[in-house]
Amino acid sequence: MFVSDIRKEFYDVIVNQRVALLVSADVDALCACKILQALFHCDHVQYTLVPVTGWQELETAFLEHKEQFRYFVLINCGANIDLLETLQPDEDSVFFICDTHRPIDVVNVYNDTQIKLLIKQDDDLGIPSYDDIFRDDEEEGEDGDDSGNESEGGSEPSGKRRRFDEGAVERRIERRREKRDWEARRREILFDYEQYEYHGTSSALVMFELAWVMSKDSKDMLWWSIVGLTDQWVQDKITHMKYVTDVGTLQRHVSRHNHRNEDEENSLSIDCMRISFEYDLHLALYQHWSLYESICNSCYTSSHFKLWSIHGQKKLQEFLADMGLPLKQVRQKFNSMDLSIKDNLREVIEESSNKYGMKDIRIQTFSVHFGFKNKFLASDVVHAAAALLENIEKDESGTDNFIKALDSLSRSNLEKLHHGIKLAKKKLISVQQTIASCICTNQILSQGPFLYCYLMEGTPDVKLFSKPMSLSILSKYLLKAFVRSVSMLPPNTGGVAERVLSSSLQKGKFKNVCK
């Protein structure tokens, strides 16, 4: 059942209870968790946090905690399966589900006692009506009545009884025909509803709006909701139109907070936090890297220039020459570049990018300043947190990585965020090297309507790509690079292929993460 008043029907219900918080291992879920933790801290709500990376872990976590808790909050997991069938909970257990995965299981939608969906209904959900998929079948009872009438009519003449029997048989046949027709329509409706998987509004944004309704929102919560939305964009989970719409919503909140804090004494202190909306470059981590390395390891630019080829490397050199940027400057860290170059860098890159057909080099995003020194783009934090979640450098458990990624979102743990950025750089380099290897050695093969690529066991970084988010990033980037590399494709085929991949990979990624 959808929750219409999230404050009254969700937060006021659990505020005086002990709560089990089951959180999926993705960045949007981390941000939603941080916001909910902050609200729980304000109201002294007791909770237990349990990270889950799959359905098996979700079942295990529930079995371990079902005796201690009545209320369970699920973030980015549980909406698109029949949760009651999967977990077999007691009748007094209640599940509050805040999940971006679509489509939502119809049983969860129409269960009004144990399942409470914290999901925005202004998304285009397309849920079938109740009468189309559920039916109170009374056929057995009616058949029984017919049999009873037959027995009662045993003393009547045989001709009358025969006519009565024929009428009962016809009614049963008609009912069975209607049932078969209804079941066929039901299967067709459910197939149309469930055949594509996609993502809805960010869970972090939903939790921030809860905090806003209760007048408990803060700049930290606003920043976490921005990072959650940006994660959906970085991972290609939502359309560009959906991203721009939600950015507009958050931009109004940013303006409200900045206006409210204009006259505060700490607005210029070393501990201040400033969030800004801006148009920035579609380059990964370029403010924490060199411009050259960022261009080489960002999917948008590397696939456009085809940097896995000699011709692509030459084209990149021409691009840098067209901008008039010395190689010495673009190869050193961004913070060490001349101020005269940095001040006009965005305009220079945008002008040259238009000449080379990269019209989407400029994107809408947000940045945050912590004090006077530390500045991060929302995408920087997304890459860092994702890298920490799937860190393979140390033999640590998934729970340890989850806690570190969660801590990196706090401004008091900037050293962990910087460590995550270092890991993210290594991850992006590994992705681009693997893409170059797959394309240059023709490892991408066509199998009917599908493309597949097989990474051998001894392939470098194969352990990294055993992680769901890293595998998804590799797959999407690999397809975009492959589309650019195949010169024999008809016009606009690349765009079609990318849209098809966006749909299919969302399904594959969900299975990896949550099955």
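See the structure above.
Residues numbered from 1 in each chain as written. Predicted model: local features only at pLDDT ≥ 70, side-chain atom pairs only at ≥ 80, totals over all residues. Heavy atoms only, no water.

Asks: I'd love a proper account of helix H18 (residues 378-389), names of residues and values included.
Replies: In a regular helix each residue adds 1.5 Å, so 12 residues correspond to 16 Å; H18 covers 17 Å between its end C-alpha atoms and thus fits that length. Among the 12 residues of H18, 12 are classified as buried, and the element is accordingly described as predominantly covered. Looking at H18, one finds that the buried residues are Ala 378, Ser 379, Asp 380, Val 381, Val 382, His 383, Ala 384, Ala 385, Ala 386, Ala 387, Leu 388 and Leu 389. (Helix = DSSP H or I, 4+ residues; strand = E, 2+ residues; numbered from the N terminus. Expected span 1.5 Å × (residues − 1). Buried < 20%, exposed > 50% of the residue type's maximum accessible area, 1.4 Å probe, protein only.)

Asks: Let's hear about the environment of Gln 313: which residues, and what values?
Replies: Among the secondary structure elements, Gln 313 is positioned in helix H14 (residues 310-323). According to the relative accessible area criterion, Gln 313 is partly exposed, its value standing at 29%. Gln 313 sits 17 residues away from Cys 296 along the chain, and the two C-alpha atoms are 9.2 Å apart. The residues contacting Gln 313, other than those within four sequence positions of it, are Tyr 292 and Leu 307. (Contact = heavy atoms within 4.5 Å.)

Asks: I'd like to hear about the sheet that holds strand S9 (residues 362-370), residue by residue, with values.
Replies: Strand-to-strand pairing in sheets goes through backbone hydrogen bonds, with the strands running parallel or antiparallel. Pairing is antiparallel across the open sheet formed by 3 strands, whose spatial order is S8-S9-S10. Edge strands, defined here as strands with exactly one partner in the open sheet, are strand S8 (273-281) and strand S10 (374-377). Along the sheet, successive strands turn relative to each other by an average axial angle of 25°, direction set aside. When S8 meets S9, the two strands line up antiparallel, connected through 9 bridges. Counterpart to Phe 277 in the pairing with S9 is Phe 366. Along the sheet face, helix H11 (residues 240-260) touches S8 and S9 and points at about 30° away from the line of S9. Running over the sheet, helix H17 (residues 345-355) touches S8, S9 and S10 and is turned about 25° from S8. (Pairing = 2+ DSSP bridges. Axes fitted to C-alpha atoms, helices over the stretch in contact; angles between N-to-C directions.)

Asks: I'd like a description of the side chain of Asp 380, backed by residues and values.
Replies: Its place among the elements puts Asp 380 in helix H18. For the buried Asp 380, which has no salt bridge, the nearest side chain bearing the opposite charge is Lys 375, at an N-O separation of 8.4 Å. Beyond its immediate stretch of four places on either side in the chain, Asp 380 contacts Leu 285, His 288 and Ile 421. (Lys, Arg positive; Asp, Glu negative; His and termini not counted. Salt bridge = Lys/Arg side-chain N within 4 Å of Asp/Glu carboxyl O.)

Asks: Account for the sheet that holds strand S4 (residues 94-98), naming residues and giving values.
Replies: If you trace the 5 strands from one edge of the open sheet to the other, you get S2-S1-S3-S4-S6, paired in parallel fashion. The sheet is open, and its two borders are formed by strand S2 (47-52) and strand S6 (115-117), each paired with just one other strand. The sheet shows a mean angle of 20° between the axes of neighbouring strands, taken without regard to direction. Examined bridge by bridge, strand S1 (residues 19-24) and S2 share 6 bridges and lie parallel to one another. Looking across to S2, one finds that Ala 20 is bridged to Thr 48. With respect to the sheet, helix H2 (residues 27-43) is in contact with S1, S2 and strand S3 (71-75), its orientation differing from that of S1 by roughly 160°. With respect to the sheet, helix H19 (residues 398-408) is in contact with S1 and S2, its orientation differing from that of S2 by roughly 115°.

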